[in-house]
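Spelled out from the first residue to the last, the chains are:
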Amino acid sequence: MTALKDFLLQNPPLSLALGGLAIGFLFGFLVYRTNFCTMGSISDMMTFGDYRRFRAWLLAGATAMLGTQLLQYYGAVSLTRSMYLGANLNWFGNIVGGLLFGFGMVFAGGCASRNLARAGGGDLRSLLSLLVVGLFAYMAIGGLLGPIRATLEQWTTLSLAPLKLPSQSLGDVLSVVAGLSSRQASLIMGSVIALLMALYCFKDASFRSSPVHVISGLGIGLCVVLGWGLTGLAFDEMAERPTQPISLTYVRPTGDAIEWLQRFTAARMPGFGVASVFGAMLGAFIAAISMGRFQVTTFSDKGDTLRNLFGAMLMGIGGVMALGCTVGQAITGISTLAMGSFLTFAAIVVGGRWGMKVFERILLGDD
């Protein structure tokens, strides 16, 4: 582990860029090849009563959680340095942002990561939707919508200091209650939650007998673990501008990728997030080519265009408010045991179900 860390620290920017590209490539390839889709999992549940893709999503979270907590326990990554484990709980942003994101992804034909995979397969609708996601994400971070978001966050954020919690990690809750070290408590809590999630997934015979769903869940979860391992080992606190540990997430990085394309001469080496965006599209492209499914497609009519752009707008705003998406919070975030990530996960599912019902009524009205 020490030798790998020393190797990565010889040139952290290059390590993060190449590693992000490779991990993103694997992620995009798996998403396209296995048809991993969080919005599709909600649609399957509501339309066909098929929970296999939803269980694959949960299995990805369980895999990421166990692997990430093991990395932290053995010192490969310090999750307290990540954006997820602050000492305050932004419950309003987690819930409302998650609802907006879940609702929007239905109209945009999938979440940000799914649109990256579709764009790699030649879908120009997804490419335009991603541009809108990135635009509105930046508007919500520090642009036109930034002051509104920041004010709401300031009014509603809950301080955990009165509870004597150093962070919003469920592991820290156990640590305070049981008197264990933070690392020990986090590994125990993560292992128990991951086991319960895995048991829920594998108790279903139809899921157990579907290798593609099992592989997609395990593979996507592993990608998140690899992301934490890379950025954790490459973290250099003595650097002029240390880059905090992170793993896969696709709302803000989509905006960052657009900015990097415009400012390449000012910062030629992309960060981990930007590289993972391009890697995901490239991986999906290779998967589409290998399956003979690459095809350039576009919007079918004006209504299709407006629905996709509307959904992309909500995803950009909601993803920033919630600090992540179906991957960034519902897999990467929960792997840190952050309370806010579990709130966002639930809100995205509720928002997705709500969006499906509204979308169906709109389509029936169109007919």
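Look up a bit, the structure's there.
Just so it is clear, the model here is predicted, and its values are computed rather than measured. (Residues numbered from 1 in each chain as written. Predicted model: local features only at pLDDT ≥ 70, side-chain atom pairs only at ≥ 80, totals over all residues. Heavy atoms only, no water.)

## With respect to the environment of Tyr-73
Rules: A helix here means a DSSP run of H or I that spans at least four residues, while a strand means a run of E at least two residues long, and both kinds are numbered starting from the N terminus. When checking whether two residues touch, look at their non-hydrogen atoms; a contact exists if any pair is within 4.5 Å.
As for its placement among the helices and strands, Tyr-73 is situated in helix 4 (residues 52-73). For the pair Tyr-73 and Ser-182, spaced 109 residues apart in the sequence, the C-alpha separation amounts to 9.2 Å. Once residues within four sequence positions are removed from consideration, Tyr-73 is found in contact with Arg-183, Gln-184 and Leu-187.

## Remarks on the packing of helix 4 against helix 12 (residues 211-233)
Applicable threshold: For every element, the axis is a line fit to its C-alpha atoms; helices are fit only across the contacting stretch, and the angle between N-to-C directions ranges from 0 to 180 degrees. Angles below 35 degrees are treated as roughly parallel, those above 145 as roughly antiparallel, those between 65 and 115 as roughly perpendicular, and all remaining angles as oblique. Here is the rule for handedness: rotate from the far helix to the near one, and if that takes an anticlockwise turn smaller than a right angle the crossing is left-handed, while a clockwise turn gives right-handed.
Contact geometry of helix 4 with helix 12 gives a least axis separation of 7 Å together with a crossing angle of 30°. In terms of their interaxial angle, helix 4 and helix 12 are classed as roughly parallel. Between helix 4 and helix 12 lies a crossing of right-handed hand. Across from Arg-52, Arg-53, Ala-56, Leu-59, Ala-60, Thr-63, Ala-64, Gly-67, Thr-68 and Leu-71 in helix 4, the residues of helix 12 making contact are His-213, Val-214, Ser-216, Gly-217, Leu-218, Ile-220, Gly-221, Leu-222, Val-224, Val-225, Trp-228 and Gly-229.

## Looking at the pattern of salt bridges
Note the following rule: The term salt bridge refers to a pairing of a side-chain nitrogen on Lys or Arg with a carboxyl oxygen on Asp or Glu at a separation within 4 Å. Categorising residues by exposure relies on relative accessible area from a 1.4 Å probe, with only protein chains included: less than 20% of the type maximum marks a residue as buried, more than 50% marks it as exposed, and the intermediate range marks it as partly exposed.
Within the structure shown, the criterion is met by eight salt bridges. Where Asp-50 meets Arg-52, a salt bridge forms, and the shortest distance between an N and an O atom there is 3.0 Å. Here Glu-153 makes a salt bridge to Arg-149, at a shortest N to O gap of 3.0 Å. Residue Glu-153 and its partner Arg-149 are both found in helix 8 (residues 146-156); the two are separated by four residues, about one turn of the helix. Classification of Glu-153 by relative accessible area gives partly exposed; the value is 32%. Given a relative accessible area of 19%, Arg-149 falls into the buried group. Each of Arg-118, Asp-123, Arg-125 and Asp-304 takes part in salt bridges that share partners, so that together they form one network.

## A short note on empty space enclosed by the protein
Selection rule: The pocket and cavity definitions rest on a 1 Å grid over protein atoms only: a 1.4 Å probe that fits but cannot leave marks a cavity, an open set with protein on both sides within 12 Å along at least five of seven lines marks a pocket, and residues lining either have an atom within 4 Å of a point. Grid points are joined across faces, edges and corners, and a volume is the space filled by probe spheres set on the points. Think of it as three bins: nonpolar holds Ala, Val, Leu, Ile, Met, Phe, Trp, Tyr, Cys and Pro, charged holds Asp, Glu, Lys and Arg, and polar takes everything else, Gly as well.
In this structure the tally under the stated criterion is one cavity of 30 Å³ or more. By volume, the largest cavity is sized at about 40 Å³. Asn-90, Phe-92, Gly-93, Arg-149, Leu-152, Glu-153, Thr-156 and Met-321 are the residues that line the largest cavity. Put simply, the parts of the chain that give the lining of the largest cavity at least two residues each are helix 5 (91-107) and helix 8. When residues of the lining of the largest cavity are assigned to their parent elements, the largest contribution, four residues, is made by helix 8. Classifying every residue of the lining of the largest cavity gives three nonpolar, three polar and two charged.

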